[in-house]
Amino acid sequence: MINRSRIVLAILGGVSILLNLSCANTEKLIGNKKEPLAKHIILVGADGLGAYAFDKAEMPNIRKMMEGGAYSLSARAVLPSSSAVNWASMIMGSGPELHGFTEWGSKTPELPSAVLGESGLYPTIFSVIDQQMPEAKMGVSYSWSGIGYLFEKDLVDLNSNGETEEETMQMGIDFIIKEKPAFTFIHLDEPDHTGHAIGHDTPQYYSAVARVDKLVGNLIEALEKEHLMQESIIIFTADHGGINTGHGGKTLAETQIPWIVYGKGILNKGELKNTIVTYDTAATIAYLLSLKVPESWRGKPVTEILNLN
Ligand SMILES: [Zn+2]
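Residues numbered from 1 in each chain as written. Predicted model: local features only at pLDDT ≥ 70, side-chain atom pairs only at ≥ 80, totals over all residues.

A. Highlighting the overall build of the chain. Each helix and strand in the chain was counted, giving 11 helices and eight strands. Expressed as a percentage of the 309 residues in the chain, the buried residues total 50%. (Helix = DSSP H or I, 4+ residues; strand = E, 2+ residues; numbered from the N terminus. Buried ≥ 20, exposed ≤ 12 C-beta atoms within 10 Å, placed from the backbone.)

Here you go:
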């Protein structure tokens, strides 16, 4: 009997050593967690800026990002080519069939979300950052109130709905300089507003695009002045394009969007060849911050921004 007990004890001891080893390995993995590729990721979205507009638009600052960074002018919106459904997809890493925001002005999911995060919303990039970088600051500055329904307000350090595009950009810039956030989302409601009021592909539309470009220039200038640009990556994109005085349909003018990345480690990479869908944006932000993404997400990180020759 004594011998048997000793054998059992010896086995238990062995199991215990194995368990300890496995714990040690886990800790080691956590200890070796990869560092973010940049300290500050900034997502700038221009509502209704179709990729088609790049043929004619004067946009020296955005072109500087394209030339100095990486870009695609054939990234795709999800269908329908409307606002809330696409902004949701952009920051939720998934299409409407999963997050459930399906219309232009969805304030709650018309289709129940496939999964819910801790804030009762389909998990966005904000919840991903909150869970894995709990000390990190993050914020949203937006000029269309509809954005306010698409992220976890309880998780962010800035939730600002600006009156104008200028105010919205300035709030975003001030937040970045003061708080040094890991992630900031800046939403501009132009050129969509002018597209609806006067028409896409009109002189007034291109003036609105130029206004957006000037604000992007203000952002880059402020980051450079504060010596933050060398630790920042800016992603510039749009929710959808447009045709005549609307969008929501199935033309390339409505569904092809710009997708431009500029900043640390992404120098002169040129035109991206791979397929990009707007829900790849959230997955790319997570990748740049070295974070794991929720199982339900379907977006893929656009790793080509770093791997091009
Ligand atoms: Zn829109």
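Still more to cover.
B. Structural detail: the nonpolar core. In terms of nonpolar packing, the biggest core is built from 89 residues, with Ile-41, Ile-91, Ala-282 and Ala-286 touching the most fellow members. Among the elements that take part in this core, helix 8 (residues 203-225) stands out by supplying nine residues, more than any other. The residues contacting Ala-282, other than those within four sequence positions of it, are Met-90, Ile-91, Met-92, Gly-93, Ile-125, Trp-297 and Gly-299. (Core = buried A, V, L, I, M, F, W, Y, C linked by C-beta atoms within 7 Å. Contact = placed C-beta atoms within 7 Å.)

C. Molecular detail of the sheet that holds strand 5 (residues 183-188). Read from one edge of the open sheet, eight strands run 4-3-5-1-6-7-2-8, paired in mixed fashion. In this open sheet, the two strands that pair with only one neighbour each are strand 4 (158-161) and strand 8 (270-271). Against the sheet, helix 2 (residues 60-68) contacts strand 2 (70-76), strand 6 (232-237) and strand 7 (256-263), and its axis sits at roughly 70° relative to strand 7. (Pairing = 2+ DSSP bridges. Axes fitted to C-alpha atoms, helices over the stretch in contact; angles between N-to-C directions.)

D. Here's a closer look at unusual backbone geometry. The omega angle of the peptide bond from Leu-79 to Pro-80 is -5°, so this bond is cis rather than trans. Topologically, Pro-80 is positioned in the loop between strand 2 and helix 3 (83-92). Going from Glu-190 to Pro-191, the amide bond is cis rather than trans, its omega being 10°. With a phi angle near 55°, Asp-201 is a residue other than glycine that sits in the positive phi range. For Asp-201, a count of 18 C-beta atoms within 10 Å gives the class partly exposed. Positive phi outside glycine occurs at His-227, with the angle close to 60°. Inspection of the secondary structure assignment puts His-227 in the loop between helix 8 and strand 6.

E. Structural detail: the environment of Met-66. By the secondary structure assignment, Met-66 is in helix 2. Its 21 C-beta neighbours within 10 Å are what place Met-66 among the buried residues. Along the chain, Met-66 and Tyr-262 lie 196 residues apart, while their C-alpha atoms are 7.2 Å from each other. Each residue touching Met-66, except ones within four places of it in the same chain, is listed here: Tyr-71 and Ile-260.

F. Region of the structure containing the environment of Ile-233. Among the structural elements, Ile-233 can be located in strand 6. By the C-beta count within 10 Å, which is 25 here, Ile-233 ends up buried. A sequence separation of 191 residues divides Ile-233 from Ile-42, and the C-alpha atoms of the two residues are 6.3 Å apart. Beyond its immediate chain neighbours, meaning those up to four positions away, Ile-233 contacts Ala-38, Ile-41, Val-261, Gly-263, Lys-264, Ile-266 and Leu-288.

G. Focus on the confidence of the model for the chain. The pLDDT averaged across the chain works out to 91; a share of 88% of its residues lies at or above 70. In the predicted structure, residues 12-32 sits below a pLDDT of 50 and forms zero contacts with residues beyond four places in sequence or in another chain. (pLDDT = per-residue confidence, 0-100.)

H. Quick peek at the packing of helix 6 (residues 165-179) against helix 8. At a minimum axis distance of 10 Å, the contact between helix 6 and helix 8 shows a crossing angle of 15°. One finds that helix 6 runs roughly parallel with respect to helix 8. Both helix 6 and helix 8 take part in a crossing whose hand is right-handed. Residue-level contacts link Glu-165, Glu-166, Met-169, Ile-173 and Ile-177 of helix 6 to Arg-211, Leu-215, Asn-218, Leu-219 and Ala-222 of helix 8. (Parallel < 35°, antiparallel > 145°, perpendicular 65-115°, else oblique. Left-handed = near helix turned anticlockwise from the far one by under 90°.)

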